[in-house]
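Fold and contact review
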Amino acid sequence: MRKKSDLPTKRCACCGRPFTWRKRWEKDWDAVRYCSERCRRERRAEAHGEEVG
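Predicted, not measured: the structure shown is a model, and the values here were computed from it.

As for the overall build of the protein chain
- A tally of regular secondary structure across the protein chain gives one helix and two strands.
- Order of helices (α) and strands (β) in the protein chain, N terminus to C terminus: β-β-α.
- Taking the intrachain contacts of the protein chain between residues at least 6 apart in sequence as the baseline, contacts between residues at least 24 apart amount to 12%.
- Accessible surface, the protein chain: about 4,800 Å² in total, of which carbon and sulfur atoms supply 45%.

Here you go:
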(Lines give C-alpha, C1' and ligand atoms only; values in the text may rest on other atoms or scores of the structure.)
Protein backbone atom coordinates (compact mmCIF):
# COMPACT_ATOMS: atom_id res chain seq x y z
CA MET A 1 0.00 0.00 0.00
CA ARG A 2 1.26 3.46 -0.89
CA LYS A 3 1.52 6.33 1.52
CA LYS A 4 -0.56 9.36 0.63
CA SER A 5 2.56 11.50 0.60
CA ASP A 6 3.95 9.33 -2.23
CA LEU A 7 0.96 9.89 -4.55
CA PRO A 8 1.20 12.41 -7.41
CA THR A 9 -0.46 15.80 -6.98
CA LYS A 10 -1.75 18.57 -9.26
CA ARG A 11 -3.17 22.07 -8.86
CA CYS A 12 -6.83 22.63 -9.70
CA ALA A 13 -7.34 24.76 -12.83
CA CYS A 14 -10.28 26.55 -11.17
CA CYS A 15 -9.42 27.17 -7.50
CA GLY A 16 -5.66 26.54 -7.52
CA ARG A 17 -5.75 24.12 -4.59
CA PRO A 18 -3.49 21.09 -4.70
CA PHE A 19 -5.21 17.71 -5.02
CA THR A 20 -3.94 14.15 -4.88
CA TRP A 21 -4.29 11.23 -7.28
CA ARG A 22 -7.35 9.05 -6.68
CA LYS A 23 -8.02 5.48 -7.72
CA ARG A 24 -11.01 6.48 -9.88
CA TRP A 25 -8.69 8.76 -11.94
CA GLU A 26 -6.20 5.94 -12.56
CA LYS A 27 -6.94 5.59 -16.30
CA ASP A 28 -7.13 9.28 -17.17
CA TRP A 29 -4.93 11.08 -14.61
CA ASP A 30 -3.27 13.11 -17.36
CA ALA A 31 -6.65 14.56 -18.39
CA VAL A 32 -7.83 15.46 -14.86
CA ARG A 33 -7.78 19.25 -14.38
CA TYR A 34 -10.18 19.96 -11.50
CA CYS A 35 -10.19 18.88 -7.87
CA SER A 36 -13.96 18.42 -7.70
CA GLU A 37 -17.19 18.37 -9.68
CA ARG A 38 -17.99 21.80 -8.24
CA CYS A 39 -14.84 23.33 -9.72
CA ARG A 40 -15.47 21.62 -13.06
CA ARG A 41 -19.04 22.99 -13.21
CA GLU A 42 -17.98 26.50 -12.17
CA ARG A 43 -15.22 26.63 -14.79
CA ARG A 44 -17.61 25.42 -17.50
CA ALA A 45 -20.24 28.03 -16.48
CA GLU A 46 -17.57 30.76 -16.52
CA ALA A 47 -16.58 29.85 -20.07
CA HIS A 48 -20.20 30.06 -21.24
CA GLY A 49 -20.92 33.37 -19.50
CA GLU A 50 -23.43 31.90 -17.07
CA GLU A 51 -23.82 33.23 -13.55
CA VAL A 52 -22.64 30.79 -10.87
CA GLY A 53 -24.29 30.45 -7.46
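Next comes the rest of the description.
Section: the nonpolar core
- Within the largest apolar cluster, eight residues are counted, these being Cys-12, Phe-19, Trp-25, Trp-29, Val-32, Tyr-34, Cys-35 and Cys-39.
- Once residues lying within four places of it in the same chain are set aside, the contact partners of Tyr-34 are Cys-12, Ala-13, Cys-14, Phe-19, Trp-25, Cys-39, Arg-40 and Arg-43.

Considerations on the environment of Asp-30
- By secondary structure assignment, the location of Asp-30 is in the loop between strand E2 (18-20) and helix H1 (37-47).
- Residue class for Asp-30 comes out exposed when judged on its relative accessible area of 76%.

Quick notes on the pattern of salt bridges
- By the definition in use, this model includes three salt bridges.
- The partner of Glu-37 in a salt bridge is Arg-40, and the shortest N-O contact between them spans 2.5 Å. Note that Glu-37 and Arg-40 are positioned in helix H1 at a spacing of three residues, about one turn of the helix.
- Judged by relative accessible area, which is 45%, Glu-37 ranks as partly exposed.

Describing the packing of aromatic side chains
- This model, assessed by the stated rule, comprises three aromatic pairs.
- Summarising the aromatic geometry, the rings of Phe-19 and Trp-25 are spaced 5.5 Å apart at their centres and angled 75° between planes, so their arrangement reads as edge-to-face.
- Residue class for Trp-25 comes out buried when judged on its relative accessible area of 11%.
- Members of the aromatic cluster, each reached through a chain of ring pairs, are Phe-19, Trp-25 and Trp-29.
- Cation over ring: Lys-10 sits above Trp-29, and NZ or CZ is 4.5 Å from the ring centre.

Considerations on the state of the cysteines
- In total, this model carries zero disulfides according to the counting rule given.
- Just so you know, Cys-14 is unpaired, no disulfide at all, and the nearest cysteine sulfur is the one on Cys-39, 4.2 Å from it.
- Just so you know, Cys-35 is unpaired, no disulfide at all, and the nearest cysteine sulfur is the one on Cys-15, 3.8 Å from it.

Rules used in this analysis
Residues numbered from 1 in each chain as written. Predicted model: local features only at pLDDT ≥ 70, side-chain atom pairs only at ≥ 80, totals over all residues. Heavy atoms only, no water. Helix = DSSP H or I, 4+ residues; strand = E, 2+ residues; numbered from the N terminus. Contact = heavy atoms within 4.5 Å. Areas by Shrake-Rupley, 256 points an atom, 1.4 Å probe, with all protein chains shown as cover. Core = buried A, V, L, I, M, F, W, Y, C linked by side-chain atoms within 4.5 Å. Buried < 20%, exposed > 50% of the residue type's maximum accessible area, 1.4 Å probe, protein only. Salt bridge = Lys/Arg side-chain N within 4 Å of Asp/Glu carboxyl O. Phe/Tyr/Trp six-rings, centres within 6.5 Å; stacked < 30°, edge-to-face > 60°. Lys NZ or Arg CZ within 6 Å of the ring centre and 35° of its normal. Disulfide = S-S within 2.5 Å.

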